[in-house]
There are 2 protein chains.
Amino acid sequence: MGYATEHIAESLKVARERKGLSQRALSAKAGVPQSHISKIENGAVDLRLSSLVELARVLDLELTLVPRKKLPAVRAIIRGDDDGHLDVQSARKATNLLQRLDDQIAALPSETLSEIVVQELQRRARELMHFKLSADDLVQLQEASAAMQEFLSDPRNLEAVEQAQSQLRMLRNALAHGAGISAPSLPRPAYRLDGDDRG
Amino acid sequence: MGYATEHIAESLKVARERKGLSQRALSAKAGVPQSHISKIENGAVDLRLSSLVELARVLDLELTLVPRKKLPAVRAIIRGDDDGHLDVQSARKATNLLQRLDDQIAALPSETLSEIVVQELQRRARELMHFKLSADDLVQLQEASAAMQEFLSDPRNLEAVEQAQSQLRMLRNALAHGAGISAPSLPRPAYRLDGDDRG
DNA sequence: AAGATTGATGTAGATTTCTACATCAAGAGA
DNA sequence: TCTCTTGATGTAGAAATCTACATCAATCTT
């Protein structure tokens, strides 16, 4: 149900499919009933940590708690295949930018802005930490941050917030839809790890 | 019980202490009973994913599944073996933050707050100026400053002051006790920005 | 010395996972 | 068509989390 737990469940499913295992095959290896695996992958259950770790172990995955600040860099490594250090630079920039954005959002005056809007902004900013960002994406982030700063120095300027909001939303959509629309320099990894052909 | 789950529990505990939160403070933020947090940190329970994610969220941590092959690289990032220049920035930020905190304390309304509390806050804030702060410590300062600002805009919100107070106190204790909790291998950067160690 | 705070531990009860087992619709392949 | 595999769904019951509440020893603060 949770937004964060969905991500975990999806990762498990992707990892399983990537290893060419059926739910029953994984069931045999992990000692977890197939029916339960199905429910887990569909987010129908709030599984226990031991179950999650056991499944992850079989799938050669390690469960780790990573500081939000360093999430973009970590994801760059996880998603990165051979490019590696080249993209780490932009990933570091993105880290700083997203962190600053998060700070700016946290500093938004609650008197002139509804709580819902703030939460929505925060959610979007943190959601973007999950993506691997290209240099082109960085520009948009910078613009969004600049707009946010503009509003912070002049709380009457509601247009600035809306612009930042729109920018974050469209960036997210672009990233969520096609893996690399704005990253022509990094065409495609040698292999795929996205198995999102179904809901 | 499991070996992998112990690591998670320990990470939660470290992160909580690093943020200067007591189990009860974390309990209030995450909506999880203090007794349960204690059991979780001691590995006495096999907690559910939702509980783990909820606690992690409050602690600015993100639960991620990382391929075992890339675990060393990820851990290197988490440990912060790569940042370096970031610490100069954070040091400057810390200076500004502490100054602002001092200003905020000076601006506290003396009608709704006892003089003793104000002095105590001021003492703590200035005491922190003697320490060399890491980037992670900055977050706490920001939160304390935010809480303080919250109280300034709404003097009825006494909880905000108490939170800031607790945050400053525990941050001081953490700094005075062990120099580096989460980064024992790299306690301090190789360079310092200003050599006035004496004070 | 007195008081406040922290973390650990326990009890009782509601809620939920988790297992074992069965079944079903959709799809692939012979 | 027949068969096999895949993933989704259901039931009944054992086991565990999780909450609310209380209490306790140790430590810090005044």
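- An unreviewed UniProt entry lists chain A under the name HTH cro/C1-type domain-containing protein, from Pseudoprimorskyibacter insulae.

**Some remarks on the overall build of chain A**
Item 1. In terms of regular secondary structure, chain A is built from nine helices and one strand.
Item 2. A burial count over chain A gives 44% of its 199 residues as buried.
Item 3. Pairs at least 24 residues apart make up 72% of the contacts formed inside chain A by residues separated by at least 6 positions.
Item 4. For chain A, the accessible area works out to roughly 10800 Å², and carbon and sulfur atoms hold 51% of it.

**Topic: the interface of chain B and chain A**
Item 1. Taken together, the contacts link 40 residues of chain B with 40 residues of chain A.
Item 2. A buried area of about 3900 Å², summed over both sides, lies between chain B and chain A, and 62% of it is on carbon and sulfur atoms.
Item 3. Of all residues in chain B, Glu62, Leu65 and Arg68 of chain B give up the largest surface area on contact with chain A, accounting jointly for 20% of the area buried on that side.
Item 4. Joining chain B to chain A, the criterion identifies four salt bridges.

**Looking at the protein's contact with DNA strand D**
Item 1. Every one of the 22 residues lining DNA strand D counts as a neighbour, but Gln23 and Arg24 of chain A together with Asp46, Arg48 and Ser51 of chain B are closest to it.
Item 2. At the protein interface, 66% of the atoms of DNA strand D within 4 Å belong to sugar or phosphate.
Item 3. Here a phosphate oxygen of DNA strand D sits 2.9 Å away from a polar atom, N or O, in the side chain of Arg16 of chain A.
Item 4. Contact distances for DNA strand D include 3.0 Å between a base nitrogen and a side-chain N or O atom of Gln34 of chain A.
Item 5. Secondary structure elements with two or more residues in the surface near DNA strand D: α2 (23–30) and α3 (34–41) of chain A together with α3 (34–41) of chain B.
Item 6. Counting residues per element, the surface near DNA strand D draws most heavily on α3 of chain A, which supplies four residues.
Item 7. Looking at the surface near DNA strand D residue by residue, the classes come out as four nonpolar, ten polar and eight charged.

**Some thoughts on the pairing of strand β1 (residues 61–67) of chain A**
Item 1. Counting buried residues along β1 of chain A, five of its seven residues qualify, which places the element largely inside the surrounding structure.
Item 2. Relative to strand β1 (residues 61–67) of chain B, β1 of chain A is paired through seven bridges, and the arrangement is antiparallel. Among the inter-strand pairings, Leu65 of chain A is bridged to a residue of β1 of chain B, identified as Leu63 of chain B.

**As for the protein's contact with DNA strand C**
Item 1. Neighbouring residues of DNA strand C: 22 residues in total, closest Asp46, Arg48 and Ser51 of chain A together with Gln23 and Arg24 of chain B.
Item 2. Here the atoms of DNA strand C within 4 Å of the protein split so that 61% fall in sugar or phosphate, with bases taking the remainder.
Item 3. Interatomic distance of 2.8 Å between a backbone N/O atom of Arg48 of chain A and a phosphate oxygen of DNA strand C.
Item 4. Ser38 of chain B places a polar side-chain atom, nitrogen or oxygen, 2.9 Å from a phosphate oxygen of DNA strand C.
Item 5. Mapped onto the surface near DNA strand C, the elements with two or more residues apiece are α3 of chain A together with α2 (23–30) and α3 of chain B.

**Thoughts on the nonpolar core**
Item 1. If you look at the biggest cluster of nonpolar residues, it comprises 40 residues, and the most contacted ones within it are Leu26, Leu52, Leu55 and Leu63 of chain A together with Leu52, Leu55 and Leu63 of chain B.
Item 2. If we ignore the near neighbours within four places in the chain, the residues touching Leu52 of chain B are Leu49 and Leu63 of chain A together with Ile8, Leu12, Leu47 and Leu63 of chain B.
Item 3. Core analysis: the next-biggest nonpolar cluster, separate from the first, contains 33 residues, Ile78, Ala94, Ala144 and Phe151 of chain A among them.

**A look at the packing of helix α5 (residues 71–79) of chain A against helix α5 (residues 71–79) of chain B**
Item 1. Viewed as axis vectors pointing N to C, α5 of chain A and α5 of chain B meet at an angle of 170°, and their least axial separation amounts to 10 Å. Viewed along their axes, α5 of chain A and α5 of chain B adopt a mutual orientation that is roughly antiparallel. Within the contact between the two elements, α5 of chain A uses Ala73, Val74, Ile77 and Ile78 of chain A and α5 of chain B uses Ala73, Val74, Ile77 and Ile78 of chain B.
Item 2. Residue classes in the contact of α5 of chain A with α5 of chain B are distributed as eight nonpolar, no polar and no charged.

**Digging into the packing of helix α4 (residues 49–58) of chain A against helix α1 (residues 3–18) of chain B**
Item 1. Contact pair α4 of chain A / α1 of chain B: the axes reach a minimum separation of 9 Å and the direction vectors enclose 120°. As far as their axial angle goes, α1 of chain B and α4 of chain A are oblique. The crossing of α4 of chain A and α1 of chain B is right-handed. The residues of α1 of chain B that touch α4 of chain A, namely those facing Leu49, Ser50 and Val53 of chain A, are Ala4, Thr5 and Ile8 of chain B.
Item 2. When its residues are assigned to classes, the contact of α4 of chain A with α1 of chain B shows four nonpolar, two polar and no charged.

Analysis parameters
Residues numbered from 1 in each chain as written. Chains lettered and ligands numbered in written order. Predicted model: local features only at pLDDT ≥ 70, side-chain atom pairs only at ≥ 80, totals over all residues. Heavy atoms only, no water. Helix = DSSP H or I, 4+ residues; strand = E, 2+ residues; numbered from the N terminus. Buried < 20%, exposed > 50% of the residue type's maximum accessible area, 1.4 Å probe, protein only. Contact = heavy atoms within 4.5 Å. Areas by Shrake-Rupley, 256 points an atom, 1.4 Å probe, with all protein chains shown as cover. Buried area = accessible area lost by both parts, 1.4 Å probe. Salt bridge = Lys/Arg side-chain N within 4 Å of Asp/Glu carboxyl O. Near = heavy atom within 4 Å. Polar contact = N/O pair within 3.5 Å; in protein donor to acceptor, adjacent residues only side chain to side chain. Nonpolar A, V, L, I, M, F, W, Y, C, P; charged D, E, K, R; others polar. Pairing = 2+ DSSP bridges. Core = buried A, V, L, I, M, F, W, Y, C linked by side-chain atoms within 4.5 Å. Axes fitted to C-alpha atoms, helices over the stretch in contact; angles between N-to-C directions. Parallel < 35°, antiparallel > 145°, perpendicular 65-115°, else oblique. Left-handed = near helix turned anticlockwise from the far one by under 90°.

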